[in-house]
Amino acid sequence: MLLPFLSLLRNDSLLTVRRLAAGPTLASLFLGCAFCATAGDSLSAPRTRKILAFGDSLVAGFAVPRKAGFTVQLEKSLAAAGFPAEVINAGIPGDTSAGGRARLAQTLDVEPDLVLLELGANDNLLGLPPAELEANLEAIIQILEQRHIPVLLTGIEPLRDLGKSYRTEFTGVFSRLAQKHQMPFYPDFLAGVAGRPELNKNDGIHPNPKGVKEIVRRILPLVMETLQKLPASTP
């Protein structure tokens, strides 16, 4: 069971052009210094964004060293790519969409710039109806929208085979919500990792450190794209 981002010169400034061509004047030096200061200000480093990784054991980093967990690896990868961010671990092993819905409000005290929403795997493992999953995720997304907090939604392929019909209904929940709310969407959190023994722990469900690294490598471009589109400041 799954346990539980110039023009400096005007057209009429011919005199100035001739003077600059002849050599720098005191006025031109002052002008140059002022321009450099302005340019320096515009190139200031981007502010650190807060990303709340809200989910279950897959973001919590179940049974792996802290430095090998999803949030730590994602934060390091973002920093290396020039995206300073604090990735906050709000994953609880074993959590379902209902559990996430119940505890959401208390986690928002950190005032995140972005929520990476990862829930649903345990709903599947427990055989819960996809309709319940959809209702809970919809409620979570609505709360975040009301607070003007952007969401990056991740889906997941069923880890427990409950038939073709269930699989279709289950995976359809994530794509419908992403389309309805027009949010960035990563269809399968475990893409490229599920079903590969070398990237998973002995339970065949939870990724090992190499598996977590692969998840981060694959989702990183979407997280960076999402961060680029965030407003300069959030409400």
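Definitions and limits used
- Starting afresh in each chain, residues are numbered from 1 along the sequence in its written order.
- For a predicted model such as this one, the threshold for reporting local features is a pLDDT of at least 70, and the threshold for listing and counting side-chain atom pairs is 80 or more; totals across whole chains, interfaces and linings nevertheless cover every residue.
- Note: side-chain values were computed over all heavy atoms of the structure, leaving out hydrogens and water.
- Labels follow the DSSP assignment, with helices taken as runs of H or I lasting at least four residues and strands as runs of E lasting at least two, numbered in each case from the N terminus.
- A simple rule labels every residue: compare its accessible area, found with a 1.4 Å probe on the protein chains alone, to the largest value its type can have, and call it buried under 20%, exposed over 50%, or partly exposed in between.
- Note on areas: Shrake-Rupley with a 1.4 Å probe; residue coverage comes only from the protein chains shown.
- Should DSSP find at least two bridges between two strands, the strands are taken to pair.
- For every residue, the predictor states its confidence as a pLDDT score lying anywhere from 0 to 100.
- The contact rule is simple, with two residues in contact once any of their heavy atoms fall within 4.5 Å.
- The angle between two axes is taken between their N-to-C directions and runs from 0 to 180 degrees, where each axis is a line fitted to C-alpha atoms and a helix contributes only its stretch in contact.
- When a carboxyl oxygen of Asp or Glu is within 4 Å of a side-chain nitrogen of Lys or Arg, the pair counts as a salt bridge.

## Comments concerning the overall build of the protein chain
Piece 1. Along its length, the protein chain carries nine helices and five strands.
Piece 2. Listed N to C, the secondary structure of the protein chain is α-α-β-α-α-β-α-β-α-α-β-α-β-α in terms of helices and strands.
Piece 3. Evaluated residue by residue, the protein chain yields a buried proportion of 45% over its 235 residues.
Piece 4. Accessible area for the protein chain stands at about 12,500 Å²; split by element, carbon and sulfur atoms hold 57% of it.

## Some words on the pairing of strand 3 (residues 114–118)
Piece 1. Of all five residues making up strand 3, five are buried, and the element is well covered by its neighbours.
Piece 2. Residues of strand 3 alternate between two faces, with Leu 114, Leu 116 and Glu 118 on one and Val 115 and Leu 117 on the opposite face, all of them buried.
Piece 3. Taken together, the five bridges between strand 1 (residues 49–55) and strand 3 define a ladder with parallel strand orientation. Within the sheet, the bridge partner assigned to Leu 52 lies in strand 3 and is Val 115.

## Some remarks on the confidence of the model for the protein chain
Piece 1. Of all residues in the protein chain, 80% have pLDDT values of 70 or greater, and the mean over the chain is 86.
Piece 2. Across residues 3–42, confidence stays below pLDDT 50; counting only partners more than four residues off in sequence or on other chains, it has 32 contacts.

## With respect to the sheet that holds strand 3
Piece 1. Pairing is parallel in the open sheet, where five strands are placed in the order 2-1-3-4-5. Two strands bound the open sheet, and with one partner strand each, they are strand 2 (85–91) and strand 5 (185–186).
Piece 2. The pairing of strand 3 with strand 4 (residues 151–154) spans four bridges and is classified as parallel. The residue of strand 4 that forms the bridge with Leu 116 is Leu 152.
Piece 3. Across the sheet, helix 4 (residues 70–80) is in contact with strand 1, strand 2 and strand 3; its angle to strand 2 comes to roughly 165°.

## Section: the pattern of salt bridges
Any two side chains of opposite charge can pair, so long as their charged atoms come close to each other.
Piece 1. Summed over the entire model, instances satisfying the criterion amount to ten salt bridges.
Piece 2. Where Asp 95 meets Arg 103, a salt bridge forms, and the shortest distance between an N and an O atom there is 2.6 Å. The burial state of Asp 95 is the same as that of Arg 103; both residues are buried.
Piece 3. For the salt bridge of Arg 218 with Glu 214, the shortest nitrogen-to-oxygen distance reads 2.7 Å.

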